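Structure at a glance
If you want the building blocks of each chain, they are given just below.
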2 protein chains.
Amino acid sequence: MTDLTDSQTTVRMEYKELVEFTATVFADRGVPADRAYIAAEALCYGDLTGMSSHGTANLTRLYLPAIDEGRIDPAATPQPLADTGAAVVLDGKRALGLWSATDALDLAASRARDTGIAMVSVRDATHFGCAGYHTGRLARRHFVALLASNCGRQRIARAPGGRPAVLGTNPLSLASPAGRHHPYVLDMSTTVVPTGRIRAAERAGEPIPEGWLEDADGRPVTDPGAFDRGEAYLRWLGGDPATGAFKGYGLGLLVEVLAALVPGAGLGPEPVALAGDGGPTGRDDNIGFVALVIAPGALRPVGDFLDQADGLFTTLLDCPPQAPDRPVSYPGWHEAEQAARTTEQGVSLPIERYRELRDLAAQRGLDLPRTGGAQ
Amino acid sequence: MTDLTDSQTTVRMEYKELVEFTATVFADRGVPADRAYIAAEALCYGDLTGMSSHGTANLTRLYLPAIDEGRIDPAATPQPLADTGAAVVLDGKRALGLWSATDALDLAASRARDTGIAMVSVRDATHFGCAGYHTGRLARRHFVALLASNCGRQRIARAPGGRPAVLGTNPLSLASPAGRHHPYVLDMSTTVVPTGRIRAAERAGEPIPEGWLEDADGRPVTDPGAFDRGEAYLRWLGGDPATGAFKGYGLGLLVEVLAALVPGAGLGPEPVALAGDGGPTGRDDNIGFVALVIAPGALRPVGDFLDQADGLFTTLLDCPPQAPDRPVSYPGWHEAEQAARTTEQGVSLPIERYRELRDLAAQRGLDLPRTGGAQ
């Protein structure tokens, strides 16, 4: 392990080594080895693609405490509650979502090869990290894959015009092959931004743009710290009613219905939501998620599908841009470009993050890989 | 038929009579009688629920010309291209979308009873009107139903940062039972507003809010007439990049992939999009749509599902509001309340609309029902 210098602000680590170390951490907590590797890839996908608010930053903040508190069961295997062939409902058994989301999508894909479409619907699940990691993996295997999750009983956004928080950020991802190009991978919260963006601004000591948070009376809040003090609420995609707030709210409900109501998971809008003082309430326990896979090759010649996909995404990339230095792309394209750079150049971890991992390795007697040293 | 007075601005008609007259119009154009009635209900749903930009306003503007030009084949029956049981791909044969969308959802529902989930994916389709009519109908039968459509090769919105228009408004609807309450029916364009809202403002001679349209360089446009002059583009849900424009664009692509790429329909982003002068281009021919149905009762006891749905939507309706006179609701609730009022009180048609229908009746020798007279 390279010594750190006082002036050092980041530490470079090979991406593969970061994944392997993270897998060792999960395995050390009781996650079976093959699952631990997938979970590590899912977590480090945030560092790989530049969405650092969803990467190893969440290892010591979210996943390890949840395992240690028994809110995630590291060795649990989800159990089928219903199975029609094209549709499976699983009791998630609080298994590690970082792994179980990929397992659910793989199960849906194996069914969809015959049935054209298949859905695996999970209750009592836990956080699966970046939805785009899981769906993008299937797009590279020529499937169209959708993954969406509610936030269990965690309530941080309000119905338009309502006082109490009733819903979570309810992420939604769709991925599709794009012919010769990087897959299309939409991965979005149905709120304006996910909570990670608010907390990243808070850590950086920076104000946030108007439109992300509002106070109890709906006035804009630009201090990111107000969110974790319970003084501000995330706004929906669409912003004001005139520009589509009801659509963002409606999309949050779309995810709540598909991901949680269908399998019978915990819901944000439960009567207890009305009892609080109006601030964000509840915990992200008993999350529901839906993994839905379409196998285009079961429905028409897969070559025709891929050719048409290629044409679609080529056209987008070829659009003359408004600003010559800002080419047009589509969701997933920049993340894939960043992933290629990270794979070649390594992950640049903030020094605090590196120290967290080093301390963790020391506490548990694990090997943290040698690093590329100061930058 | 009641005589019109010079000062009259609206004419009241029984809702059922408006549907029956519209069905007669479709039947007169060669649509089989049972389909004509469903198509009429789908069209008049706009008048029923107060979304008048999607109601009978489109009869003489959109549907009849499309039939007369051969762009809609009034008697065509969609033909299966693939069928796995849970997934069906149909050649839509340019059948009347107002009817065929409900037929596709009914087919998906009949399959989903056994398979839990089923998808009917249609190419060479035509406009289906208000998506929420079709999905809400299934929610009242205890299904969860999704319907989404691209706009064929019609291009009116741009990739963020791009010059040419590449995608349509790409509507998306999800409906679910809500226990004792009106069904949840999300029905939204993935652009800030649908084109109908722009044209309604133009007809009314009113400016539109900033955020709906932009000019070639991305500056706000508040003159609704600029849209049909080809001088303005619809913006995506989310508005600016900081508040989620890439999410709106990503959702537009989600619909393009699920509704059109999967079945092989016409796409907005085709190379010809790059050849124009940059204004809106193309026609809404070879539309693709996807009808996806989940049968909760095939996956868990339907009573449990309905009870949980009841709890979810009761909680939303019970939210203490920010303004005492503006209670909280959810998508579909206001439309259902308006439908009940219209059913009781009749449809109030603008006098110009009534004259259109009267002239149509006279030309074709049809009976326009007697009206409730002047208001």
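All of the points below concern the structure found in this document. (Residues numbered from 1 in each chain as written. Chains lettered and ligands numbered in written order. Predicted model: local features only at pLDDT ≥ 70, side-chain atom pairs only at ≥ 80, totals over all residues. Heavy atoms only, no water.)

1. So, the overall build of chain A
For chain A, the helix and strand inventory stands at 11 helices and 14 strands. Taking 21 Å as the expected radius of gyration for a compact globule of 375 residues, we find that chain A reaches 21 Å, a close match to that expectation. Here the C-alpha coordinates of chain A stretch approximately 55 × 55 × 50 Å along the principal axes. Expressed as a percentage of its 375 residues, the buried residues of chain A come to 60%. When contacts within chain A are restricted to residue pairs at least 6 apart in sequence, long-range pairs at least 24 apart make up 69% of them. (Helix = DSSP H or I, 4+ residues; strand = E, 2+ residues; numbered from the N terminus. Rg over C-alpha atoms; globule rule 2.2 N^0.38 Å. Buried < 20%, exposed > 50% of the residue type's maximum accessible area, 1.4 Å probe, protein only. Contact = heavy atoms within 4.5 Å.)

2. Notes on the relation of the copies chain A and chain B
Least-squares fitting of chain A to chain B yields an RMSD of 0.0 Å, with the transformation described by 0.0 Å of translation along the axis and a rotation of 180 degrees. One copy is carried onto the other by what is essentially a two-fold rotation axis. The rotation axis passes nearest to the C-alpha of Gly238(A) in chain A, at a distance of 2.2 Å. (Least-squares fit on C-alpha atoms with pLDDT ≥ 70 in both.)

3. A few points about the pattern of salt bridges
Pairing is possible between side chains that carry opposite charge, provided their charged atoms lie close to one another. Using the criterion set out here, one finds 44 salt bridges over all chains in the structure. In this structure, Asp240(A) engages Arg235(A) in a salt bridge whose closest nitrogen and oxygen atoms are separated by 2.8 Å. Judged by its relative accessible area of 42%, Asp240(A) is partly exposed. Asp223(B) serves as the salt-bridge partner of Arg229(B), at 2.9 Å between the closest nitrogen and oxygen. The partly exposed category is assigned to Asp223(B), whose relative accessible area is 36%. A cluster of three or more residues bridged by salt bridges with shared partners is formed by Glu69(A), Arg71(A), Arg283(A), Asp284(A) and Asp285(A). (Salt bridge = Lys/Arg side-chain N within 4 Å of Asp/Glu carboxyl O.)

4. A word on the packing of helix α1 (residues 15-28) of chain A against helix α11 (residues 351-364) of chain A
For any two helices packed against each other, the geometry comes down to the angle between their axes and how far apart the axes lie. Residues and elements named next belong to chain A. Where α1 meets α11, the axes come as close as 12 Å, and the angle between the chain directions of the two elements is 45 degrees. Comparing their axes, α11 and α1 come out oblique. Note that α1 runs across α11; the crossing there is left-handed. Mapping the contact onto sequence places Leu18, Phe21, Val25 and Asp28 in α1 and Leu357, Leu360, Ala361 and Arg364 in α11. (Axes fitted to C-alpha atoms, helices over the stretch in contact; angles between N-to-C directions. Parallel < 35°, antiparallel > 145°, perpendicular 65-115°, else oblique. Left-handed = near helix turned anticlockwise from the far one by under 90°.)

5. Notes on the side chain of Gln308(A)
Position of Gln308(A) relative to the elements: it lies in helix α9 (residues 302-318). The residues contacting Gln308(A), other than those within four sequence positions of it, are Arg300(A), Ala260(B), Leu261(B), Gly264(B), Ala265(B) and Leu267(B).

6. What to know about the interface of chain A and chain B
By a frequent convention, interface size equals the accessible area lost on bringing the separate parts together. Contact residues are listed per partner, giving 85 residues for chain A and 85 residues for chain B. At the boundary of chain A with chain B, total buried surface from both sides reaches about 6,500 Å², with 73% on carbon and sulfur atoms. In terms of surface lost to chain B, no three residues of chain A exceed Lys247(A), Leu299(A) and Gln322(A), which account for 11% of the buried area on that side. Inspection of the region where chain A meets chain B yields 0 salt bridges. Among the elements of the structure, β3 (87-91), α4 (97-115), β4 (117-125), β8 (172-178), β9 (181-188), α8 (245-261), β13 (287-294) and α9 of chain A are those that each provide at least two residues to the side of chain A that touches chain B. With 12 residues, the top contributor of residues to the side of chain A that touches chain B is α8(A). The class makeup of the residues in the side of chain A that touches chain B is 55 nonpolar, 19 polar and 11 charged. (Buried area = accessible area lost by both parts, 1.4 Å probe. Nonpolar A, V, L, I, M, F, W, Y, C, P; charged D, E, K, R; others polar.)

7. A short note on the sheet that holds strand β3 (residues 87-91) of chain B
Pairing is mixed in the open sheet, where 7 strands are placed in the order β2-β3-β4-β13-β5-β8-β9 (chain B). In this open sheet, the two edge strands, each paired with only one partner strand, are β2 (79-83) and β9 (181-188) of chain B. Put simply, the sheet's adjacent strands are angled 15 degrees from each other on average, direction ignored. As judged from the 6 bridges shared by strand β5 (residues 144-149) of chain B and strand β13 (residues 287-294) of chain B, these two strands associate in the antiparallel manner. Bridging across to β13(B), Val144(B) finds its partner in Ile294(B). This element, α8(A), spans β5, β8 (172-178), β9 and β13 of chain B of the sheet and lies at about 120 degrees to β9(B). (Pairing = 2+ DSSP bridges.)

8. Side note on the pairing of strand β14 (residues 347-350) of chain B
All names here are of chain B. Burial along β14 is one-sided: the face carrying Val347 and Leu349 is buried and the face carrying Ser348 and Pro350 is not. By the bridge criterion, 4 bridges tie strand β1 (residues 10-13) to β14 in an arrangement that is antiparallel. Across the sheet, the residue bridging to Val11 is Leu349, located in β14.

9. Remarks on the sheet that holds β8(A)
Residues and elements named next belong to chain A. Strands sit in the order β2-β3-β4-β13-β5-β8-β9 across an open sheet of 7 strands; the sheet is mixed. Across the chains shown, the open sheet's two edge strands, defined by having one partner strand only, are β2 (79-83) and β9. Neighbour to neighbour, the strand axes of the sheet diverge by 15 degrees on average, direction disregarded. Packed onto the sheet, α4 meets β2, β3, β4, β5 (144-149) and β13 and runs at close to 35 degrees relative to β13.

10. Quick look at the packing of helix α2 (residues 33-49) of chain B against helix α10 (residues 333-345) of chain B
All names here are of chain B. Remark: α2 packs on α10, axes separated minimally by 7 Å, with the N-to-C direction vectors making an angle of 90 degrees. By the angle class used here, α2 and α10 are roughly perpendicular. Of the residues in α10, those in contact with Asp47, Leu48 and Thr49 of α2 are Glu335, Gln338, Ala339, Thr342 and Thr343. Considering only residue class, the contact of α2 with α10 consists of 2 nonpolar, 4 polar and 2 charged.

11. Digging into the packing of aromatic side chains
In the structure shown here, the tally under the stated rule is 10 aromatic pairs over all chains. Here Trp236(A) and Tyr249(A) contribute two aromatic rings whose centre-to-centre distance is 6.1 Å and whose plane-to-plane angle is 55 degrees, an arrangement assigned as tilted. Taken together, the residues Trp236(A) in the loop between β12 (233-234) and α8 and Tyr249(A) in helix α8 connect sequence positions 13 residues apart. Look at Tyr249(A) and you get buried, because its relative accessible area is 1%. Here Tyr45(B) and Tyr133(B) contribute two aromatic rings whose centre-to-centre distance is 5.7 Å and whose plane-to-plane angle is 65 degrees, an arrangement assigned as edge-to-face. With Tyr45(B) in helix α2 and Tyr133(B) in helix α5 (residues 131-139), this residue pair connects regions lying 88 residues apart in the sequence. In this structure Tyr133(B) comes out as buried when scored by relative accessible area, which is 6%. Counting every residue linked through ring pairs, the aromatic cluster contains Tyr184(A), Phe313(A) and Tyr330(A). Seen from the ring of Trp99(B), Arg35(B) lies directly overhead, with NZ or CZ sitting 3.9 Å from the centre. (Phe/Tyr/Trp six-rings, centres within 6.5 Å; stacked < 30°, edge-to-face > 60°. Lys NZ or Arg CZ within 6 Å of the ring centre and 35° of its normal.)

12. A closer look at helix α3 (residues 57-68) of chain B
Since one α-helical turn is 3.6 residues long, residues separated by three or four positions face the same way. Residue and element names in this part refer to chain B. The terminal C-alpha atoms of α3, which comprises 12 residues, lie 17 Å apart, in line with the 16 Å expected from a rise of 1.5 Å per residue. Among all positions of α3, only Ala57, Asn58, Leu59, Leu62, Tyr63, Leu64, Ala66 and Ile67 are buried. Considered in projection along α3, the buried side chains sweep an arc of 165 degrees and stay on one side of the axis. Looking at the buried residues of α3, the elements they touch are α1 (15-28), α2, α4 (97-115) and α11 (351-364). Once α3 ends, the next one or two residues include Gly70, with phi positive near 80 degrees. (Expected span 1.5 Å × (residues − 1). Arc of directions from axis to C-beta.)

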